[in-house]
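Remarks on the overall topology
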Amino acid sequence: MRLSGRVSAAIEILTDFDARRVPLKTAMQDWARGARYAGAKDRAWISGLCLDALRRRASLVHAMDADSPRALVLGALRFVWGASADEIAALAAEEPHGPGALSAEEEEKLRSSRCGPESGQARAEAVPPHVAGDFPAWTTPMMVRAFGQRAAEEGAALAARADVDLRINTLKTTPEKALAALKAVKGEALPLLTTAARINAPDPREKVPAVTVIPAFNRGWVEVQDLGSQIAAAAAGAVRGAQVLDFCAGGGGKTLALAALMENTSQLYAWDRDARRLKPLYHRAKRAGARNLQIINPVTDKEALAALAGRMDVVFVDAPCTGSGVWRRHPDAKWRLAPDQLERRMKEQDAVLAEAARFVKPGGRLVYVTCSLFMEENEDRLAAFLEAHPGFARTRALDALAASGLLTKEGRAALARCETPDGALRVTPARISSDGFFVATLQWTR
Ligand SMILES: C[S@@+](CC[C@H](N)C(=O)[O-])C[C@H]1O[C@@H](n2cnc3c(N)ncnc32)[C@H](O)[C@@H]1O
């Protein structure tokens, strides 16, 4: 496809996204079905531009003084991808594929140096935090409650592209061997955990092969898993020989990290109330060499779950949430989120914590994790839980991480800066270049 055609396609997809409020992936797939002429490179370029436009939506609206998909795409080309106003004018006017010549107003905005979010102008000017931080205006009270004066800075870090993080699977290899294999894709060790590695964020203008095609991935040596998610799993602490229940196992990202932490000892149970979500875990566990895992099917094996009540050393709750911590990877979710959804998630979090607590044995531990940064889904939910369950007490998440054996000296220092006054952790892209996660550890003391 010609570049002008790709630009028009991005506008068409964002128009559909705004109209139907579907995930961007759905809008993209529906467009691709009617555009068989588009190759893999075209699709990567177009979806990369749409994602970047959504990452920076609020500051681009400010820069362009318009909220249309066309303004977003033109603004993203100029202020995120660094195209010149002349290049954009030529692409827009190109017949027959371009989206149509620029208006005088668009030209003026694209040439104006005051409006580039990239240049930091939007942040330096007296703009509201949601513009400087590129988050929805209605979430400002939550962002300010969690981060105070740093709300815009944290939001801006959540509006950047994310790197590809990998967890080295010690059930199958050693960090040394895996890192040697990852050299081929420019993978490097991350300093905070002994088993974490990273590949720089791919540029959507250059179609690079996914990491899942490299032999190290197919051999089960590495799993794609964000650093924040790896930290959350490691908060299960010392689990060798323990009975562990992953209560919201989903596709099993954290389950597999727990299996590695347990070194395949004792028994790890994976449960999710939605059987469809557990499906990928069967083949993922096989590839990863997790042999101590029992997946409990919620449709057929309810009794198997009931039998675990009061018997678990550790119950891991990776609760359903708004996903506000993973807006770098899913910027469409940031604009699809609505207040009623937040309310629903909070109710689910209360329910899931109460259900999961029944499986902890006396003296056992409960780990509560979300990939949301909002205190409403984290501190407030724990406070409500502790009021109703006075036998549980907070412990320091950092101590559990240290007990996992994965935390480096540098990691301990970096995570100490992410501690909340209650001893939980709130990791963020601004603080440690991970996705945003909240991690709290509790113990049943009486
Ligand atoms: C954040 S996702 C889990 C992601 C997964 N742990 C991973 O690392 O890939 C939350 C999961 O909680 C599940 N869930 C929601 N309410 C639940 C409940 N009451 N009991 C068990 N699972 C629940 C959802 O189906 C969803 O798969």
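Going along each chain's sequence as written, the residues are numbered from 1 onward. It should be noted that, the model being predicted, local features are given only for residues of pLDDT at least 70 and side-chain atom pairs only at 80 or more, the latter also being counted only at that level, while totals for whole chains, interfaces and linings use all residues.

Within an unreviewed UniProt entry, the label attached to the protein chain reads 16S rRNA (Cytosine967-C5)-methyltransferase, and the organism entered is Amphiplicatus metriothermophilus.

**Here we look at the confidence of the model for the protein chain**
Heads up, the condition is: The predictor reports its confidence for every residue as pLDDT, a score running from 0 up to 100.
Model confidence for the protein chain is summarised by a mean pLDDT of 95, while 97% of its residues fall at 70 or above. For this predicted complex, the interface confidence comes out at an ipTM of 0.99, alongside a pTM of 0.96.

**Examining the domain arrangement of the protein chain**
The following threshold applies: An automatic or database domain assignment supplies the residue ranges for each domain. Here contacts are defined at the residue level, using C-beta atoms placed from the backbone and a cut-off of 7 Å between them. Put simply, DSSP H or I for four residues or longer makes a helix, DSSP E for two residues or longer makes a strand, and each gets a number counted from the N terminus. Side-chain classes are defined by residue name, with Ala, Val, Leu, Ile, Met, Phe, Trp, Tyr, Cys and Pro counting as nonpolar, Asp, Glu, Lys and Arg as charged, and the others, Gly among them, as polar.
Segmenting the protein chain into domains produces domain 1 (3–127), domain 2 (128–159) and domain 3 (227–444). The straight-line distance from the C-alpha centre of domain 2 to that of domain 3 is 25 Å. The interface of domain 2 with domain 3 comprises 10 residues on the first partner and 14 residues on the second. Elements that contribute at least two residues to the side of domain 2 that touches domain 3 include exactly helix H10 (140–147) and helix H11 (151–158). Per element, the largest residue contribution to the side of domain 2 that touches domain 3 is four residues, and it comes from H11. Residue classes in the side of domain 2 that touches domain 3 are distributed as seven nonpolar, no polar and three charged.

**So, the UniProt feature "active site" (unreviewed entry) in the protein chain**
Defined as follows: UniProt positions are given in the numbering used here, feature names are shortened, and annotations may be inferred rather than shown by experiment.
Under the present numbering, the feature "active site" (unreviewed entry) in UniProt falls on Cys371. Note on placement: cysteine 371 falls in the loop between strand E9 (360–370) and helix H20 (379–388). Filtering out sequence-adjacent residues up to four positions away, cysteine 371 remains in contact with Cys321, Gly323, Gly325, Val326, Asp435, Gly436 and Phe437.

**Description of helix H4 (residues 57–64)**
Rule in force here: Whether a residue is buried, exposed or partly exposed follows from its count of other C-beta atoms within 10 Å of its own C-beta, namely 20 or more, 12 or fewer, or something in between, respectively; the C-beta atoms are built from the backbone.
Counted residue by residue, H4 has seven buried out of eight residues, so it is predominantly covered. Buried residues of H4: Arg57, Ala58, Ser59, Leu60, His62, Ala63 and Met64, and no others. Of the residues flanking the end of H4, it is aspartate 65, one or two places downstream, whose phi is positive at about 55°.

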